[in-house]
Amino acid sequence: MTLRTSAEGESEIDRSRSVGIGRAHAKAILLGEHAVVYGAPALALPIPQLTVTASAGWSPHPSDSQGNLSYTMTGSPSRALVTQASDGLHRLTEEFKARMGVTGNPHLDVILDGAIPHGRGLGSSAASSRAIAFAFADLYGRELTEDAAFDLVQTSENMAHGKASGVDAMAVGALRPLLFQAGRAQELKLGCDGLFIVADSGELGSTKEAVGLLRDGFGRHPGAQERFVDRAAELTEGGRQALADGKPEELGTLMTEYHALLRAARLSTDRIDALVDAALQAGGTGAKITGGGLGGCMIALAPPERAREVTRRLHEAGAVQTWVVPLKGLDNHAP
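Residues numbered from 1 in each chain as written. Predicted model: local features only at pLDDT ≥ 70, side-chain atom pairs only at ≥ 80, totals over all residues. Heavy atoms only, no water.

Student: So what about the packing of aromatic side chains? Which residues, and what values?
Tutor: Taken as a whole and assessed by the stated rule, the structure comprises five aromatic pairs. When the ring of Phe96 is compared with that of Tyr140, the centres are 6.0 Å apart and the planes differ by 35°; the resulting orientation is tilted. Here Phe96 is found in helix α1 (residues 79-100), whereas its partner Tyr140 is found in helix α2 (residues 124-140), with 44 residues between them in sequence. The exposure classification of Phe96 matches that of Tyr140, with both residues buried. Between Phe218 and Phe228, the ring centres sit 5.7 Å apart and the planes meet at 55°, which makes this aromatic pair tilted. Taken together, the residues Phe218 in helix α5 (residues 207-220) and Phe228 in helix α6 (residues 224-245) connect sequence positions 10 residues apart. Phe228 shares its class with Phe218; the two are buried. Through pairs of rings, three or more aromatic residues link up here, namely Trp58, Phe96, Phe136 and Tyr140. (Phe/Tyr/Trp six-rings, centres within 6.5 Å; stacked < 30°, edge-to-face > 60°. Helix = DSSP H or I, 4+ residues; strand = E, 2+ residues; numbered from the N terminus. Buried < 20%, exposed > 50% of the residue type's maximum accessible area, 1.4 Å probe, protein only.)

So this is what it looks like as structure tokens:
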């Protein structure tokens, strides 16, 4: 690869032919939403078939302090989504350059191409940030550690959602299901080969709004926070043990109970509740909302012989998209 020295004196990769590529994938939360922000554990599931790819390259546009970055999202994103993503990208770019010792101010073009639906609790913003961070690392020839990637993604996540727990930042690069707590993650022991079915309600969720709604409720009712967090932690720990011991029926029951906890906190919607009911009536062993809530997706656990019927019933109940995520083989997928 050819290096050159710019007029400003910095050494740069030849802009005429250099491009950096980064990738990440979606995630779903099995158990632990919201309580994880208060220090409780959460179980996260990578969804490797839903990916996002970022391309970063040099641009011939003139460089200046305000306009040194061009950002394009494929598909038909809303103006609000592009604006929010662009704000986070500018911050991520600044943080990346500071951390990696990148000098100079060349104009960059970033193109984001992804299959992760936005605002559905599947980690689209975290996955996009991770993909872009690794695209920058590839472009500039820098080594980006997992710790550094996590910090960079958290920078964008905190802008998008307020105080982010960090579970999304970890899970969108994970190879296997994770147990996440207090900023630390470890791979889960898997004792069964379950099939999880994720269904998109078609409703935009809002993690930031849901976090605020829950916090306001805690403030109005003394002791509510402790009760919620304690119950969430109990269900999540039970789910971790059931997953390790190969007890899918028990795991499913705990998922459904966690949905009831979130529903009582007014974080579900009528459409999500309808999808949960449809999955259970079709033979699913458990179902719940996944992610921040107030819309977005639900996740169901189904025996292999019932997965087709559960999927069919979910679409009849209003799901606009579904994805089947088998536990078996997750560790064979690269991020």
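Still to come is the rest of the account.
Student: I'd like to hear about the sheet that holds strand β12 (residues 321-326), residue by residue, with values.
Tutor: Overall, antiparallel pairing links the four strands, which are arranged β10-β11-β9-β12 in an open sheet. In the strand order of this sheet, the two ends are held by β10 (286-290) and β12, each with one partner. Neighbouring strand axes in the sheet, compared pairwise and without regard to direction, differ in orientation by 20° on average. The strands that helix α8 (residues 270-281) touches are β9 (195-200), β10 and β11 (297-302); relative to β10, the one it contacts most, it runs at about 160°. Across the sheet, helix α9 (residues 307-316) touches β9, β11 and β12, and the angle it forms with β9 is around 10°. (Pairing = 2+ DSSP bridges. Axes fitted to C-alpha atoms, helices over the stretch in contact; angles between N-to-C directions. Contact = heavy atoms within 4.5 Å.)

Student: Hey, could you go over the pattern of salt bridges for me, with residue numbers and the actual values?
Tutor: Side chains that differ in sign of charge can pair as their charged atoms come close. One pass over the full model with this rule turns up 13 salt bridges. Where Arg231 meets Glu257, a salt bridge forms, and the shortest distance between an N and an O atom there is 2.9 Å. Of the two residues, Arg231 sits in helix α6 while Glu257 sits in helix α7 (residues 248-264), which places them 26 residues apart along the sequence. Close ionic contact of Glu309 with Arg312 constitutes a salt bridge, the shortest N to O distance being 2.6 Å. On the criterion of helical spacing, the pair formed by Glu309 and Arg312 is a turn pair, its members being three residues apart in helix α9. Bridged by salt links that share partners, the residues Arg231, Glu234 and Glu257 form one connected network. (Salt bridge = Lys/Arg side-chain N within 4 Å of Asp/Glu carboxyl O.)

Student: Tell me what's going on with the pairing of strand β4 (residues 42-58), and back it up with residues and numbers.
Tutor: On any regular strand, side chains alternate: one points to one face of the sheet, the next to the other face. For β4, the buried fraction is high: 13 of the 17 residues fall into the buried class. Note: strand β3 (residues 19-31) against β4, 12 bridges, orientation antiparallel. When the bridges of β4 are listed, Ala26 appears paired with Ile47. Note: β4 against strand β7 (residues 178-181), three bridges, orientation antiparallel. Counted as the bridge partner of Leu43 is Leu179 from β7. Across seven bridges, the pairing between β4 and strand β6 (residues 108-114) is antiparallel. Pairing of Gly57 across the sheet is with Asp109, part of β6.

Read these as layout, nothing more, since geometry by itself doesn't imply function.
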